[in-house]
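Each chain is listed here by its residues.
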Amino acid sequence: MSDSALVFASRLLLYIAYALCSYLLDRPIGGQRLRIGRLSLSAAHDICYEGTLYNKSYSFTYTASSVSWRLHVPRADNPRWLTVTANNIFYTSSTGDISTTRLETLLWFFPVLFRFTSGPWANITIDGLRIRVHKSTATPYWIQRMRENLVSTFLTGEFLRADVFRTTVRFSGLSEHEEEKPKGYTDRKAQLAPSEPCPAEEDSDSDDECGCCSPGSRDKSNGIATYTHQEEADAFADADTYKTGPLRPGDEDEVRFSAIARRVHINNTQGRIYTFGSIDSQMRRNWAADRGSFAMVAEECRWVRVHFPFERVAARSWYAQLLASILHFPIDLVRTFNDPTSSMNVYVTRVDVTFDSFRLRDAELVRQGVALMREKAITSNIDWSDVFFDALVDAFAPG
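As the structure is a computational prediction, the values presented were derived from the model and not from experiment.

Participant: Please clarify how the nonpolar core should be interpreted in this entry.
Facilitator: The nonpolar side chains of a soluble globular protein tend to be buried with one another. Leu129, Ile131, Val348 and Val351 are the most contacted members of the largest nonpolar core, which totals 28 residues. Leave out the neighbours within four places in its chain, and Val348 touches Ile126, Leu129, Glu300 and Cys301.

Structural data, given as structure tokens:
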């Protein structure tokens, strides 16, 4: 175990002891105070936890309407032994706010043995996660780590699927009109049930294509066209709608950069699959006022541990799987202690992230993108000064 993990564990145990003492004595202890409105054997209601850290330079408040726990008898078809559910969580601090409607944690009993997961001991489901950061210069540590992992996966991971990916740039005074539909897209209702029959349908004996449909792309029933690849049609239809707001004439922002993606599956090559049903991100900037903001909306987000290729070569017998699970249990404990996220699968129905004050230089995509370009240039023996100079000569040299 690393020294930092031991220090973190010792401080965590100390703060837990302070919180329990403050609840029993009904007074702050060591800058921590825990209050519970009603406590029973299976639930706690009206929880409020206040504390300060780092010599009172960081303060936070945690509230939850209820936290319940329920024990289960593990079975082969459902090897869970504990379910913890928290409702209406709200966390406020000096650097940001976090809230969620519902958080459910399932703890498994030897999940690899029963082939329920590929390693994680817990499944976490979050319903309606909202994150607000006041300043990008003071991003909370765990949010910064989450950004680093996500951007690194986008830049270096293997894209298994990406139905739609589109970016737009709008400038105030130049593009204040409403969002235009992408070329080639039609209304969703017109796609699924066109009001006028397709020319090819009027003459069933004709083998000529009508130009709007291709063989095998739709099924005809009573004059109604239903696309065979319905999932893809829905993805393109949803791509026309931004969940982030457009740049309006009255806004003071000078530029708005937006990016959307639909049904994205990425393998980070480290045994994790990232899946997103939809992603809408937007950055706004006002250089005159030296002010910027960032917002992102993502739905159907999953972070799942999968087997490595060498683990999928041959299936183990039940006895071999049992022996491996028992021998790996101490290793899993140490790994969970050092990195708790390595032992969990996460599913978030929707996450809304907002930065009230955002600087372009704080964008993780810019940081890692520049670092990756520099690394590729060094390994490829490319002198970037020569590249930019040649580009300028080609751009301004006469005919």
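This is not the end of the story, as more comes after the structure.
Participant: For this particular structure, what's the right way to read the packing of aromatic side chains?
Facilitator: In this description, an aromatic ring pair is defined by two values, namely the gap between the centres and the angle between the planes. One pass over the structure, following the stated rule, counts 13 aromatic pairs. Between Phe154 and Phe159, the aromatic rings sit 5.9 Å apart at their centres with planes inclined by 70°, giving edge-to-face as the arrangement. In textbook terms, an aromatic cluster arises when at least three aromatic residues are bridged by ring pairs, as seen for Tyr49, Tyr58, Phe60 and Tyr91. Seen from the ring of Trp303, Arg272 lies directly overhead, with NZ or CZ sitting 3.9 Å from the centre.

Participant: What is the right way to read the pattern of salt bridges from this model?
Facilitator: Note that side chains of opposite charge can pair when their charged atoms are close. Tallying each qualifying case throughout the model produces eleven salt bridges. As a salt-bridge pair, Arg350 and Glu299 come within 3.2 Å of each other at their nearest N and O atoms. With Arg350 in strand β13 (residues 344-357) and Glu299 in strand β12 (residues 291-305), this pair connects stretches of sequence that are 51 residues apart. You can call Arg350 partly exposed: its relative accessible area is 32%. The partner of Arg350 in a salt bridge is Asp352, with the nearest N and O atoms 2.9 Å apart. One salt-bridge network, in which partners are shared between bridges, spans Glu299, Arg350 and Asp352.

Participant: Help me understand the confidence of the model for the protein in this model?
Facilitator: Predicted coordinates in regions of low pLDDT should not be interpreted in detail. Mean pLDDT for the protein: 77, with 72% of residues reaching 70 or above. The low-confidence segment residues 176-233, where pLDDT is below 50, has 62 contacts with residues more than four positions distant or belonging to other chains.

Participant: In this structure, what is going on with the pairing of β13? I would like to understand it.
Facilitator: The side chains of a regular strand alternate, first on one face of the sheet and then on the other. Relative to β13, strand β6 (residues 122-135) is paired through eleven bridges, and the arrangement is parallel. Note on β13: the bridge partner recorded for Asn123 is Asn345.

Participant: How do you make sense of a nonpolar patch on the surface when you look at a structure like this?
Facilitator: Residues Phe8, Leu12, Leu13, Ile16 and Leu20 make up a contiguous nonpolar surface patch of about 520 Å² in total accessible area. As for its placement among the helices and strands, Phe8 is situated in helix α1 (residues 3-25).

Participant: Quick question: what am I supposed to make of the side chain of Thr83 here?
Facilitator: Structurally, the position occupied by Thr83 is in strand β4 (residues 80-93). Residue classification places Thr83 among the buried residues on the basis of a relative accessible area of 3%. Of note is the side chain of Thr83, whose polar atom sits 2.8 Å from the side chain of His72. Once residues lying within four places of it in the same chain are set aside, the contact partners of Thr83 are Ser68, Trp69, Arg70, His72, Glu104, Thr105 and Leu106.

Calculation criteria
- Residues numbered from 1 in each chain as written.
- Predicted model: local features only at pLDDT ≥ 70, side-chain atom pairs only at ≥ 80, totals over all residues.
- Heavy atoms only, no water.
- Core = buried A, V, L, I, M, F, W, Y, C linked by side-chain atoms within 4.5 Å.
- Buried < 20%, exposed > 50% of the residue type's maximum accessible area, 1.4 Å probe, protein only.
- Contact = heavy atoms within 4.5 Å.
- Phe/Tyr/Trp six-rings, centres within 6.5 Å; stacked < 30°, edge-to-face > 60°.
- Lys NZ or Arg CZ within 6 Å of the ring centre and 35° of its normal.
- Salt bridge = Lys/Arg side-chain N within 4 Å of Asp/Glu carboxyl O.
- Helix = DSSP H or I, 4+ residues; strand = E, 2+ residues; numbered from the N terminus.
- pLDDT = per-residue confidence, 0-100.
- Pairing = 2+ DSSP bridges.
- Patch = residues over 30% accessible without salt bridge, like charges linked within 9 Å, V, L, I, M, F, W, Y side chains within 5 Å.
- Areas by Shrake-Rupley, 256 points an atom, 1.4 Å probe, with all protein chains shown as cover.
- Polar contact = N/O pair within 3.5 Å; in protein donor to acceptor, adjacent residues only side chain to side chain.

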